[in-house]
Amino acid sequence: MLLHFFCCILAVLDLTWVLFKLVGSSWEFLLPYFLVSAGIVWLFSKSSLQKRFNKRSIFFVSLFFVFLLIRLSVQWALEMFPLEDPEEVVLTINMPVDGFATLFVHHYLLHVLVPVVVSCLLVMPWLCLLKLKRGLFFEFSFIVLMIVLSVCDFVLKIPFAEYRRVYEDWNNKGEYTQSDFFEKNYVPVDSSSMKAVVDSTKNLVLIMMESMENWPDSMIPEMEKLAADNIHFTSFESEFSGGVEIAGSTCTITSSVSKLTGVPYVASKFTGDTIFPRAKSIYDLLKDYGYRNVFLQGSDAKFANFDRFLRAHSVDEIYDINKLKNFVDMSSEYREGREYAPGITDGTLYKVAKNVLDTLAQNGKFTMTLATIETHYPYGFYDNRCLEKPLDSSHEENYKAVLKCASREVYEFVTWIQNRKFGANTQIVIVGDHLFRGKILVNRPNRRWIDIFINAGSRDSLNNVRNFSSVDMAPTIIEGLGFELVKHRMGFGASLFSSESTLIEKYPDQNNLNYQIKQIVYSPEYYMLMQSRNKF
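Bear in mind the structure is a predicted one, so any value in this text is a computation, not a measurement.

Student: What am I meant to see in the overall build of the chain here?
Tutor: Check the secondary structure of the chain and you find 19 helices and ten strands. Per-residue burial over the chain gives 55% buried out of 536 residues. Considering only contacts within the chain whose residues lie at least 6 apart along the sequence, 76% involve residues at least 24 apart. Accessible area for the chain stands at about 24200 Å²; split by element, carbon and sulfur atoms hold 58% of it.

Student: Is there a simple way to explain the sheet that holds strand S6 (residues 426-432) in this structure?
Tutor: Across a sheet, strands are paired by hydrogen bonds formed along the backbone, either parallel or antiparallel in direction. Pairing is mixed across the open sheet formed by six strands, whose spatial order is S4-S3-S5-S2-S6-S7. Two strands in the sheet have a free side with no partner beyond their single neighbour: strand S4 (317-319) and strand S7 (451-454). Across this sheet, the average inter-strand angle for adjacent strands is 10°, counted without regard to direction. Note: strand S2 (residues 203-209) against strand S5 (residues 366-371), five bridges, orientation parallel. Bridge assignment links Leu206 to a residue of S5, and that residue is Thr369. The sheet strands contacting helix H14 (residues 346-360) are S2, strand S3 (292-297) and S5, and the helix crosses S5 at an angle near 175°.

Student: How should a nonpolar patch on the surface be read in this particular structure?
Tutor: On the surface, Ile147, Val151, Val155, Leu156 and Phe160 cluster together into a nonpolar patch covering about 490 Å² of accessible area. With four residues, the top contributor of residues to the nonpolar patch is helix H6 (residues 101-157). Relative to the helices and strands, Phe160 is located in helix H7 (residues 160-170).

Student: What is the right way to read the nonpolar core from this model?
Tutor: Counting 67 residues, the largest nonpolar core has Leu206, Phe276, Ile282, Ile478, Phe492 and Tyr526 as its most contacted members. Excluding residues within four positions of it along the chain, Ile478 makes contact with Met194, Ile282, Leu285, Leu286, Phe483, Leu485 and Met490.

Student: Is there a simple way to think about the packing of H14 against helix H15 (residues 395-418) in this case?
Tutor: A pair of packed helices is captured by two measures, namely the crossing angle of their axes and the spacing between those axes. Running from amino to carboxyl end, H14 crosses H15 at an angle of 10°, the nearest separation of the two axes being 10 Å. Relative to H15, the element H14 is oriented roughly parallel. In this structure, H14 uses Asp346, Gly347, Tyr350, Ala353, Lys354, Leu357 and Asp358 to contact H15, whose residues at the interface are Glu409, Val410, Phe413, Trp416 and Ile417. Here the residues of the contact of H14 with H15 sort into seven nonpolar, one polar and four charged.

Student: What's the story with the environment of Arg385 in this structure? I'm lost.
Tutor: Relative to the helices and strands, Arg385 is located in the loop between S5 and H15. Overall, Arg385 belongs to the partly exposed group, its relative accessible area being 41%. Side-chain polar atoms of Arg385 contact the side chain of Thr348, separated by 3.3 Å.

Student: Would you explain the state of the cysteines in this entry?
Tutor: Here is the idea: a disulfide is a covalent bond, and it sits between the sulfur atoms of two cysteines. For the structure shown, the criterion picks out one disulfide. In this model, Cys386 is linked to Cys405 through a disulfide, with the two sulfur atoms separated by 2.0 Å. A torsion of -75° about the S-S bond marks the disulfide between Cys386 and Cys405 as left-handed. A residue pair is termed long-range when its members are at least 10 positions apart, and Cys386 in the loop between S5 and H15 and Cys405 in helix H15 qualify at 19 residues. Each member of the pair Cys386 and Cys405 is classed as buried.

Student: Could you clarify how one ought to interpret the packing of helix H9 (residues 221-229) against H15 in this entry?
Tutor: Look at H9 against H15: their axes get within 7 Å of each other, and the N-to-C directions meet at 45°. When the axis of H9 is compared with that of H15, the two are oblique. Within the contact between the two elements, H9 uses Pro221, Glu222, Met223, Lys225 and Leu226 and H15 uses Lys404, Ser407, Arg408, Val410, Tyr411 and Val414. Split by residue class, the contact of H9 with H15 holds six nonpolar, one polar and four charged.

Student: I tried to follow the packing of aromatic side chains on my own but got confused; where do I start?
Tutor: Two descriptors summarise a pair of aromatic rings, namely the distance from one centre to the other and the angle between the planes of the rings. A complete count under the given rule lists 24 aromatic pairs for this structure. When the centroid spacing of 6.4 Å and the interplanar angle of 5° are considered together, the rings of Phe413 and Trp416 count as stacked. In this pair, Phe413 and Trp416 are both assigned in helix H15, three residues apart and thus about one turn of the helix distant. With respect to burial, Phe413 and Trp416 carry one shared label: buried. Ring pairs connect the aromatic residues Phe181, Phe182, Tyr186, Phe492 and Tyr507, which therefore count as one cluster. One Lys or Arg, Lys259, reaches over the ring of Trp449 and ends 3.9 Å from the middle of that ring. Sitting over the face of the ring of Tyr319, Lys323 holds its NZ or CZ atom 4.5 Å from the ring centroid.

Student: Explain helix H16 (residues 473-480) here, please?
Tutor: Since there are 3.6 residues in each turn of an α-helix, residues three or four apart along the chain are aligned in direction. By the criterion of burial, H16 is predominantly enclosed, with eight of the eight residues buried. Along H16, the residues classified as buried are Met473, Ala474, Pro475, Thr476, Ile477, Ile478, Glu479 and Gly480. Gly482 occupies a position one or two residues after H16 and carries a positive phi of about 115°.

Student: Before we go on, may I ask you to explain H14 in this structure?
Tutor: Between the first and last C-alpha of H14 there are 20 Å, a value that for 15 residues agrees with the 21 Å anticipated at 1.5 Å per step. Within the sequence span of H14, burial applies to Asp346, Gly347, Thr348, Leu349, Tyr350, Val352, Ala353, Val356, Leu357 and Leu360. On its buried side, H14 packs onto S2, S3, helix H13 (321-324), S5 and H15.

Basis of the calculations
- Residues numbered from 1 in each chain as written.
- Predicted model: local features only at pLDDT ≥ 70, side-chain atom pairs only at ≥ 80, totals over all residues.
- Heavy atoms only, no water.
- Helix = DSSP H or I, 4+ residues; strand = E, 2+ residues; numbered from the N terminus.
- Buried < 20%, exposed > 50% of the residue type's maximum accessible area, 1.4 Å probe, protein only.
- Contact = heavy atoms within 4.5 Å.
- Areas by Shrake-Rupley, 256 points an atom, 1.4 Å probe, with all protein chains shown as cover.
- Pairing = 2+ DSSP bridges.
- Axes fitted to C-alpha atoms, helices over the stretch in contact; angles between N-to-C directions.
- Patch = residues over 30% accessible without salt bridge, like charges linked within 9 Å, V, L, I, M, F, W, Y side chains within 5 Å.
- Salt bridge = Lys/Arg side-chain N within 4 Å of Asp/Glu carboxyl O.
- Core = buried A, V, L, I, M, F, W, Y, C linked by side-chain atoms within 4.5 Å.
- Parallel < 35°, antiparallel > 145°, perpendicular 65-115°, else oblique.
- Nonpolar A, V, L, I, M, F, W, Y, C, P; charged D, E, K, R; others polar.
- Polar contact = N/O pair within 3.5 Å; in protein donor to acceptor, adjacent residues only side chain to side chain.
- Disulfide = S-S within 2.5 Å.
- Phe/Tyr/Trp six-rings, centres within 6.5 Å; stacked < 30°, edge-to-face > 60°.
- Lys NZ or Arg CZ within 6 Å of the ring centre and 35° of its normal.
- Expected span 1.5 Å × (residues − 1).

Structure representation (structure tokens):
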């Protein structure tokens, strides 16, 4: 009996450690848990194990394992994936997830399967004892409780009506209908739709920061300084704000495409080889003016077919994890933080970018786009080399440290560019790709993804208080370089350097605007944008 009690205590300690790694909680939570668990162990160690175990008991414990696994899997999925957004889910399912698949499997094993197995082993004698004492009533009540809780998780947290709508859209074989919204708001562009209005147009460094929004200034002080010292468009006067999320720009792939083309990517029903082959991106327009376009990101560019989009839209070179590992020592870059990361650290990416920029600047006009990854939900990927350290092991403090590190690193990178010879003729644009999709630190009003335009012209007489979205970034970037677009528009976007109204300013009811955007997938005009040029 003493040996059994000792083994159970070790099991409790092991589960306590697993929970500590899982939830990053404080000892104020774990100490009561350990004391209660130890008491339960002592109680069920009093009776004989032989009396508790039979085939029926094993079946009952197996049932407990299955329901517990389902419940925790649902919780894990809700935390890891934006299941409340069916469009994004369908889009992700139908595209490659290179670079993140191993991360998801690793995270699931550590955060779901291992805790469930350990928990079942720990409470198995206790469950069998209760079943022995209470019989069929306990068994029936327990099973009903587990079923009710599991069903509640699904019904209350997953919008089945929206999934049904997306499914119907996917299987809709009906005819397309003309869209008044598309006709009124879409402006096609090509290189003849723009002209240089300065003697020498600028180079472009575009930094698309993962999940970067208007966090409190204590978390991103350097970025707030950059916003205050340069051009920053905001929805609220005298506040650090930014752009609004609209339909077709709520995840990395959709928001990136929207910011680069001016067209919302609401295309879950389209599964072509690339994205918007018949729409123009900023790279297509600038290529015709002699720019060389380079794209860098520390993860796999195959994720969501983004590499195909870039190649189809005049990006000359793509440096992602697959290409970068041939240039830098990758052995220590995969595990710089507590958890497995999908690529090299942002700090390493900035170092590579500096080398590439020095080469690009010697060969004429260029654009360089960097996509960061460390601030990704649910908790970020903390780089142990960061100067900013978490105050404790909680997820909140870990993510705060990730944000502070990201703010400092991008500020240092911007400063480096400004001190280079080519910096005087280079526009630097920093944008958040979308709002943070995690569940921590989000109980704040007026959340916006950020925008900062550095060396983009004079702030005199510029109205920087605007309501705008991702589609407005493409024309704003182009005009910030020293070009002027016809009507100051590109796709569905309007240049914020002009007085042209944006979609959100035209349609202040955002719910109605999102509805109108989602409806354009039924229009032949939108369908044409998704079709390969070779088909026509």
